[in-house]
Amino acid sequence: MSAPAIVAVRDAFSRAPAPAHPIAIALLGLGQIGAAVARLVHEGHAPARLTTALVRDVTRTRPHCGPVDLTRDIERVFASRPDVIVEVLGGVEPARTFVRTALERGIPVVTANKTLIARHGEELLDVAVRTLTPFRYEASVLAGVPFLGTFAARPLAARVSKLVGIVNGTSNYVLSRATAGRVTIDEAMADAQRLGFAEPDPADDVNGIDAAHKLAVLAWHFGLGSLSPGELETRGLERLHPLDLAAAGDLGGSIKPVASIEHTSGRTSAFIGPAFVPGGHRLAGVTGVENALLLDTSSGRLFFSGPGAGPIPTAATILDDVVEASRGAAPVRRRGGSTAVIAPSTPWLLRVAGTQAGGEDIASFLGAYGIWVRRAHTRDGRTWRLTYACSRERIDAAVAALTAATACDALALRALED
Ligand code: HSE
């Protein structure tokens, strides 16, 4: 197994205490998360004050944010001499340039930007290490659950061989509510946007891209290698039918938005997408906007869960990072190297119209592809079959043949082992 990407926080036990004066924070971005940071600061929840906020529109009223100098000029932000810069712009540019410049000038940075960390985390951490400048990104994954920093300071526990979890709060919220049957997926999505869970482009939540960015951050942070999010098997919720959710329940489980990465025998395998989770699995009870991660570490199996999205939990994590960053602990890293990722063999949940394909029983049809059925369930003219583990190549070939033989779309979702 490769070494953890971040092996220690520099001299973690001799860090300076947080400054006696309120920590001066400059915000890059004042959207839902930035406004929540401003609000918590204004209401006195952190030993901090807000100096400047970089925004697109300096004329817009910002209720609950308290007094703050709004500017469109990044140099004015740097000139306000903040103790810490909080980047919540999202996306790659201009966030990357601003964060890089701040680190080069020795200004500590806290960010919640998973896209930025997934694509340029290594480069930015290199700058932070070179300039001995604190750089923290705790809220980029499992937004309201403080756990990345815990592992950064505990390199032995951070020897992780497998991570499986739910890392997108919006899609878990949407699937949980649709499974409960009270609302459609579209209605649940509208609620997720109203509650501030969703991305500025909510398509990134449902098509798996947000989860792919977070899995790349996790892989890098835990030394499983630098992955390109675009190379990960990433499936979204688009092809799910409400009956899939009901059938999963009939089979004793549920469909959840799963992200998984495993490093064994020198190979890394990963996937992201809606998957069948058996009722007895640790992820089965993770509902609503909650996120969770199950980690196989050298210390045993660890489980973390908590709020995965939402302005206030995310802002609280950011402000705890701000306090840590103000103590001056600079990160040190060890290179993990880039890694090629393969698609794992897993069990599958296969949905097919009817019980026959080309005049043949579907179980026999699948047997010809080396796919063995463990359990089957029929509902409203469709059948769902839980298979034993097999490769994606086999299941893709069988799905294409089934679709041709039945003239109906077959769908294969990955399933977790019990
Ligand atoms: N849109 C993201 C989610 C926000 O729902 O998980 C937190 O990263």
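What you see as residue numbers is a count from 1 along each chain, following the sequence as written. Totals for whole chains, interfaces and linings use every residue, but because this is a predicted model, local features are given only for residues with pLDDT of at least 70 and side-chain atom pairs only at 80 or more, for both listing and counting. Derived side-chain values reflect all non-hydrogen atoms in the structure, with water molecules and hydrogen atoms excluded from consideration.

Help me out: how do you make sense of the side chain of serine 269 in this one?
For the purposes of this entry, the term helix denotes a DSSP run of H or I that reaches at least four residues, the term strand denotes a run of E that reaches at least two, and both are numbered from the N terminus. Summarising the element assignment, serine 269 is placed in strand β10 (residues 267-278). Residues count as neighbours in contact if any of their non-hydrogen atoms are within 4.5 Å of one another. Every residue in contact with serine 269, bar those within four places of it in the chain, is listed here: Ser260, Ile261, Glu262, Val341, Ile342, Ala343 and Pro344.

For this particular structure, what's the right way to read the site of the ligand?
The criterion for a residue being near a molecule or strand is simple. One of its heavy atoms has to lie within 4 Å of it. Taken together, the neighbourhood of the ligand is formed by 13 residues, with Lys114, Gly169, Thr170, Glu199 and Asp205 sitting nearest. Throughout this description, a polar contact denotes any pair of N or O atoms lying within 3.5 Å of each other; where both atoms belong to protein, one of them has to be capable of donating a hydrogen while the other can accept it, and for residues adjacent in sequence the pair is counted only when both atoms sit in side chains. For the ligand, an oxygen atom lies 2.8 Å from a polar atom in the backbone of glycine 169. Contact distances for the ligand include 2.7 Å between a nitrogen atom and a side-chain N or O atom of aspartate 205. Contributions of two or more residues to the shell around the ligand are made by α6 (169-180) and α9 (209-221). Among the residues making up the shell around the ligand, the classes are represented as four nonpolar, four polar and five charged. We call Asp, Glu, Lys and Arg charged. Ala, Val, Leu, Ile, Met, Phe, Trp, Tyr, Cys and Pro are nonpolar, and the rest, Gly among them, are polar.

Is there a simple way to explain the nonpolar core in this structure?
Among soluble globular proteins, nonpolar side chains are generally buried collectively. We call a set of buried Ala, Val, Leu, Ile, Met, Phe, Trp, Tyr and Cys residues a nonpolar core when their side-chain atoms join them within 4.5 Å. For the exposure calls, accessible area comes from a 1.4 Å probe over protein chains only, and a residue counts as buried if that area is under 20% of its type's maximum, exposed if over 50%, partly exposed in between. Counting residues in hydrophobic clusters, the biggest one holds 53 residues, and the most contacted among them are Ile85, Phe135, Phe147, Leu163, Leu218 and Phe222. With eight residues, the single largest contributor to this core is α9. Sequence-distant contacts of isoleucine 85, defined by excluding residues within four places in its chain, comprise Ala26, Leu28, Val77, Phe78, Ala102, Ile107, Pro108, Val109 and Val110. By size, the runner-up hydrophobic cluster in this structure holds 28 residues, among which are Ala36, Val110, Ala112 and Ala325.

Would you mind going over the sheet that holds strand β4 (residues 69-71) with me for this structure?
Backbone-to-backbone hydrogen bonds pair the strands of a sheet. The strands run either parallel or antiparallel. Note on pairing: two strands pair once DSSP finds at least 2 bridges between them. With parallel pairing, the six strands of this open sheet are ordered in space as β4-β3-β2-β5-β6-β7. Of all strands in the sheet, those bounded by a partner on one side alone are β4 and β7 (135-136). Bridging between strand β6 (residues 109-111) and β7 involves two bridges; their strand directions are parallel. Paired with valine 110 across the strands is arginine 136, a residue of β7.

Explain the packing of helix α3 (residues 95-104) against helix α4 (residues 114-131) here, please?
Under this scheme, a helix contributes an axis fitted over its contacting stretch, all axes are lines through C-alpha atoms, and angles between N-to-C directions fall in the 0 to 180 degree range. It is at 9 Å that the axes of α3 and α4 come closest, and there the two elements cross at 15°. As the angle between them shows, α3 and α4 are arranged roughly parallel. The interaxial crossing formed by α3 with α4 has right-handed handedness. Here Ala95, Arg96, Val99, Arg100, Leu103 and Glu104 of α3 come into contact with α4, specifically with Leu116, His120, Glu123, Leu124, Val127, Ala128, Arg130 and Thr131. Per-class residue counts for the contact of α3 with α4 are seven nonpolar, two polar and five charged. Any angle between 65 and 115 degrees counts as roughly perpendicular, while under 35 counts as roughly parallel, over 145 as roughly antiparallel, and the rest as oblique. With the far helix as reference, a near helix turned anticlockwise by less than a right angle produces a left-handed crossing, and one turned clockwise produces a right-handed crossing.

Even after reading the chapter, I still don't get the environment of arginine 351, so can you show me in this structure?
Along the polypeptide, arginine 351 turns up in strand β15 (residues 348-353). Classification of arginine 351 by relative accessible area gives buried; the value is 10%. For the pair arginine 351 and alanine 247, spaced 104 residues apart in sequence, the C-alpha to C-alpha distance is 9.4 Å. Residues within four places of arginine 351 in sequence aside, it is in contact with Arg239, Leu240, His241, Asp244, Arg382, Thr383, Trp384, Asp409, Ala410 and Leu411. Within polar-contact distance, the side chain of arginine 351 engages the backbone oxygen of arginine 239 at 3.3 Å. Looking at arginine 351, its side chain comes within polar contact range of the side chain of aspartate 244, at 2.7 Å.

Sorry, what's going on with the pairing of strand β8 (residues 160-166) here?
Walk down a regular strand and you will see the side chains alternate between the two sheet faces. Counting buried residues in β8 gives five out of seven residues, a clear majority hidden from the surface. Relative to strand β11 (residues 290-297), β8 runs antiparallel, the two being bridged by six bridges. Opposite isoleucine 166, over in β11, you have alanine 292 as the bridge partner. With four bridges connecting them, β8 and strand β9 (residues 253-264) associate as antiparallel partners. Bridging across to β9, lysine 162 finds its partner in glutamate 262.

Would you mind going over the packing of helix α1 (residues 32-42) against helix α11 (residues 311-326) with me for this structure?
The description of two helices packed together rests on the angle between their axes and the distance between the axes. Packing of α1 against α11 brings their axes to within 8 Å, and their N-to-C directions diverge by 65°. Regarding α1 and α11, the two cross each other, and that crossing is right-handed. The segment α1 lies against α11, with Gln32, Ile33, Ala36, Val37, Leu40 and Val41 engaging Pro311, Ile312, Thr314, Ala315, Ala316, Ile318 and Leu319. Of the residues that constitute the contact of α1 with α11, the class distribution is 11 nonpolar, two polar and no charged.

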